[in-house]
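Examining the three-dimensional arrangement
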Amino acid sequence: MTSVVERLRSRNPAVSVEFMPPRDDEDERRLWRAIRELEALDPAFVSVTYGAGGSSRDRTISTTSRVAQETTLTPMAHLTAVNHSVAELRNVIGWYAAIGVRNVLAVRGDPPGDPMGEWIAHPQGLTYAEELVALVRSLGDFCVGVAAFPYGHPRSADLDTDTRHLVSKLRAGADFAIAQLFFHPDDFLRLRDRVAAAGCDTTLLPGVMPLTTPRTLAKTVELSGAELPRELAARLEPLAGDAKAFRAAGIDLVTELCDRLLAEGVPGLHFYTFNRSKATKEVIGRLGLLPAHVR
Ligand SMILES: Cc1cc2nc3c(=O)[nH]c(=O)nc-3n(C[C@H](O)[C@H](O)[C@H](O)COP(=O)(O)OP(=O)(O)OC[C@H]3O[C@@H](n4cnc5c(N)ncnc54)[C@H](O)[C@@H]3O)c2cc1C
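Remember, it's a predicted structure, so these values are computed and weren't measured experimentally.

Another point: the overall build of the protein chain. Scanning the protein chain from N- to C-terminus turns up 11 helices and nine strands. The C-alpha radius of gyration of the protein chain comes to 18 Å, within 12% of the 19 Å expected for a compact globule of 295 residues. If you line up the protein chain on its principal axes, its C-alpha atoms span 50 × 45 × 35 Å. Out of the 295 residues belonging to the protein chain, those deemed buried represent 41%. Sequence separation of 24 or more characterises 80% of the internal contacts of the protein chain that already satisfy a separation of 6 or more.

Turning to the pairing of strand S9 (residues 268–272), a few remarks are in order. In regular strands, side chains alternate between the two faces of the sheet. For S9, a buried count of five out of five residues is recorded, marking the element as mostly surrounded by other parts of the structure. Burial along S9 is two-sided: the residues Gly268, His270 and Tyr272 and Leu269 and Phe271 are all buried. In terms of strand pairing, strand S1 (residues 14–19) meets S9 through five bridges, oriented parallel. Each residue of the ladder has a partner; that of valine 15, found in S9, is leucine 269. Pairing of strand S8 (residues 207–208) with S9, which is carried by two bridges, proceeds in the parallel orientation. Residue pairing across strands places valine 208 opposite phenylalanine 271, the latter belonging to S9.

With that settled, consider the site of the ligand. Close to the ligand lie 24 residues, the nearest being Thr49, His78, Arg108, Ala129 and Ala147. Residue assignment for the shell around the ligand shows that the elements contributing at least two residues are strand S3 (75–80), strand S4 (103–107), helix H5 (129–138), strand S5 (143–148) and helix H6 (159–171). Take the shell around the ligand: its biggest share by element is three residues, from H6. Within the shell around the ligand, the residues separate by chemical class into nine nonpolar, nine polar and six charged.

This next bit is on the sheet that holds S3. Spatially, S7-S6-S5-S4-S3-S2-S1-S9-S8 is the arrangement adopted by the nine strands of the open sheet, whose pairing is parallel. Single-partner strands in this sheet number two, and they are strand S7 (203–205) and S8. When S4 meets S5, the two strands line up parallel, connected through three bridges. Bridging across to S5, leucine 105 finds its partner in glycine 145.

Quick look at the nonpolar core now. Counting 75 residues, the largest nonpolar core has Val104, Ala106, Val146, Ala148 and Ala177 as the members making the most contacts within it. If we ignore the near neighbours within four places in the chain, the residues touching valine 146 are Ala106, Val107, Ala129, Val133, Lys169, Leu170, Ala174 and Ala177.

How each quantity is defined
- Residues numbered from 1 in each chain as written.
- Predicted model: local features only at pLDDT ≥ 70, side-chain atom pairs only at ≥ 80, totals over all residues.
- Helix = DSSP H or I, 4+ residues; strand = E, 2+ residues; numbered from the N terminus.
- Rg over C-alpha atoms; globule rule 2.2 N^0.38 Å.
- Buried ≥ 20, exposed ≤ 12 C-beta atoms within 10 Å, placed from the backbone.
- Contact = placed C-beta atoms within 7 Å.
- Pairing = 2+ DSSP bridges.
- Near = placed C-beta within 6 Å.
- Nonpolar A, V, L, I, M, F, W, Y, C, P; charged D, E, K, R; others polar.
- Core = buried A, V, L, I, M, F, W, Y, C linked by C-beta atoms within 7 Å.

Written out as structure tokens, the structure is:
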């Protein structure tokens, strides 16, 4: 199986897409419609997130496995250290290897229920993503990605500390990093500058999400960990009661964001799809990145 970095190298710029494991049968049908729609765009890779526990973890493994076995796509499985002993983590990583998944996004995860609650490591588990990177690396020929935070991780004391930990995680064996959502291209570019200034040249991919509804905007604010900038609020909030106008303005905004990032030479754009394909396809189309056969 091809690695994420090989796929990124073979296209410039690349697009990649992220899905969540389905919660039920209806969700699964919706997810697979989105996967099939986006498969036609030949993304560099598709990733499947890893839930806080229980059956959603099995569904990450089964969805990633189906992507590996039944599609032309390159899958990447997320993995977290939440409530896992090292032995269990080894087991999951072994499963990924057995189903032919060689790309893993190694993230620490948050305490279930309250993301800002106290982090309590499993007694036989890990404390930081850096350790998970090293574990995945030690278990085979994996291509490993990590998370990066344009505004700094919410638990970091300041941006310098955040950068130090990010660079140390990259040096522990990560091949690339994917950034959390952000609002302005400069927010991502400053993260890229901080990492470069620390002497690290690992590939950084911006994470973007089509803003189609007030709900997706609220989700972006929540995930970014930052406040909605005033100029964006001024463009979007007055349209909250007009679904069509909100969607049009949101797609314009994300297209402008991506355009500027591409002009600044990012190697690709990672789309958080929330298991929908239409808006992602629309933005990719407006950026002129659709393969010829689907234009
Ligand atoms: C692209 C992306 C994908 C994600 N996918 C998932 C997913 O599938 N499932 C899920 O549950 N969550 C996911 N998350 C969320 C992620 O798990 C949380 O944001 C989590 O709080 C941080 O994970 P991390 O891997 O960055 O942790 P870490 O890198 O371990 O960092 C956690 C905190 O500890 C600090 N730190 C790191 N190393 C050290 C050290 N050596 N000493 C002291 N402090 C240190 C960091 O600065 C940071 O504040 C994702 C996030 C992103 C951006």
